[in-house]
Amino acid sequence: MIRAGTRDELQPVLAAARAAGRRIALVPTMGALHEGHLSLIDRARRAADFIVMSVFVNPLQFGPGEDYAQYPRDVERDATLAAARGVDLLFAPDRSIMYPYGDPAALIAAPGLDSRLCGAFRPGHFRGVLTVVAKLFHVTGADVAVFGRKDLQQLVMIRAMVRDLDFPVEILDAPIVREADGLALSSRNAYLSTEERPQAARLHQSLERAQAAFSGGEVAAAGLIAHVTAVLSGGNLVRPQYVDVVDATTLSGVERARPGDVIAVAAHVGSTRLIDNHTLT
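Residues numbered from 1 in each chain as written. Predicted model: local features only at pLDDT ≥ 70, side-chain atom pairs only at ≥ 80, totals over all residues. Heavy atoms only, no water.

Caption draft 1: The overall build of the chain, seen in detail. Looking only at helices and strands, one finds nine helices and nine strands in the chain. Whereas a compact globule of 281 residues would reach a radius of gyration of roughly 19 Å, the chain reaches 19 Å, a difference of no more than 12%. Projected onto its principal axes, the C-alpha positions of the chain cover 55 × 40 × 35 Å. A buried classification covers 52% of the 281 residues belonging to the chain. (Helix = DSSP H or I, 4+ residues; strand = E, 2+ residues; numbered from the N terminus. Rg over C-alpha atoms; globule rule 2.2 N^0.38 Å. Buried < 20%, exposed > 50% of the residue type's maximum accessible area, 1.4 Å probe, protein only.)

Caption draft 2: Structural view of the sheet that holds strand 8 (residues 262-269). Taking strand neighbours across the sheet as the criterion, the three strands line up as 7-8-9 in an open arrangement whose pairing is antiparallel. Because the sheet does not close on itself, it has two edges, and the strands there are strand 7 (238-246) and strand 9 (272-279). Averaged over neighbouring strand pairs, the angle between their axes works out to 15° when direction is ignored. Across eight bridges, the pairing between strand 7 and strand 8 is antiparallel. Across the sheet, the residue bridging to Val245 is Ile263, located in strand 8. Helix-sheet contacts for helix 9 (residues 221-233) involve strand 7 and strand 8, and the interaxial angle to strand 7 is about 160°. (Pairing = 2+ DSSP bridges. Axes fitted to C-alpha atoms, helices over the stretch in contact; angles between N-to-C directions. Contact = heavy atoms within 4.5 Å.)

Caption draft 3: How the structure looks around the packing of helix 8 (residues 202-215) against helix 9. In the contact formed by helix 8 and helix 9, the axes pass within 8 Å of each other and the chain directions differ by 150°. As for how helix 8 packs across helix 9, the hand of that crossing is right-handed. Contacts from Arg202, Leu203, Gln205, Ser206, Leu207, Arg209, Ala210, Ala213 and Phe214 of helix 8 reach helix 9 at Leu224, His227, Val228, Val231 and Leu232. Residues belonging to the contact of helix 8 with helix 9 are distributed by class as follows: nine nonpolar, three polar and two charged. (Left-handed = near helix turned anticlockwise from the far one by under 90°. Nonpolar A, V, L, I, M, F, W, Y, C, P; charged D, E, K, R; others polar.)

Caption draft 4: Fine view of the pairing of strand 2 (residues 24-29). With six of its six residues buried, strand 2 lies for the most part within the structure. What you see with strand 2 is no split at all: Ile24, Leu26 and Pro28 on one side and Ala25, Val27 and Thr29 on the other are buried throughout. In this sheet, strand 3 (residues 50-55) lies alongside strand 2 in parallel orientation, the contact comprising six bridges. Residue pairing for strand 3: Leu26 is matched across the bridge by Val52. Handedness of the crossover joining strand 2 and strand 3 through helix 2 (residues 35-45) is recorded here as right-handed. (Right-handed = clockwise from strand over helix to strand, strands pointing away.)

Caption draft 5: Looking closely at unusual backbone geometry. Of note in the backbone geometry, Leu117 takes a positive phi value of approximately 45° without being a glycine. You can see Leu117 is positioned in the loop between helix 4 (95-98) and helix 5 (125-140). Given the relative accessible area of 10%, Leu117 is considered buried. With a phi close to 60°, Asp166 is a non-glycine residue in the positive phi region. Note on placement: Asp166 falls in the loop between helix 6 (152-165) and strand 6 (170-174).

Caption draft 6: Main features of the sheet that holds strand 1 (residues 2-4). The parallel open sheet is built from six strands, whose spatial order is 1-4-3-2-5-6. Every other strand in the sheet has two partners, leaving strand 1 and strand 6 as the edge strands with one partner each. For this sheet, the mean inter-axis angle between neighbouring strands, taken without regard to orientation, is 25°. Sheet topology places strand 2 next to strand 5 (residues 144-148); two bridges connect them, and they run parallel. Considered in strand 5, the bridge of Ala25 is made with Val144.

Caption draft 7: Structural detail: the environment of Ile225. Position of Ile225 among the secondary structure elements: in helix 9. Every residue in contact with Ile225, bar those within four places of it in the chain, is listed here: Val243, Asp244 and Val245.

Structure, rendered in structure tokens:
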């Protein structure tokens, strides 16, 4: 596996891959890799034959009081895992490489989409996400990029950006990867204490309860939300932030759920904020 930390190191490698007729896939991450990230590599390999993984903790997507300084960083561990999974090129720039002129004056926003779900509680977050993803698309010239469905709002907004700004990149998604008890894999799971960890599984359990109710004939969004909230509230360390039933493409709330709609949830378990979602079937 080749490693690059600057554009000057990155570009010749990508130029050689293109000259050889190789299809380039990008897997953007903030590092602290886990099996969920590694599954994105597997998805990328089915669509391309040269895999670039980026590892960059993007300061633009962290708000005041969030965990930018504490976010787990271990590039050497990430490099070992990426190489073992078949990444061809690891791009791990620092802040001065991605933002050489300081915080960018131009940011990409998605009005409407960025004010729902997580966006309602993390103002500015998705501007940071879209901006850094756009920069990564430009510097890599990737033919395809892969994102996980756990961050559904991010996925929807990136697809909208690609569509509306004519980026020549195909966006693929990969399913949520879970622990044995259903907890969606996340780098932030490392923050959970031994007491909090079992209660974190309530997020997935609540979504399973809602799916069971939907399968049993409950279609009112309010009823499905009540099932989720009841399970979450049963944990004394779990504080729901939002629960909503939305259209999977527009993220608009629905009153009556249909197959393909998504139940999305965010909750604090102790001091750790976790998200999860489930597509109704």
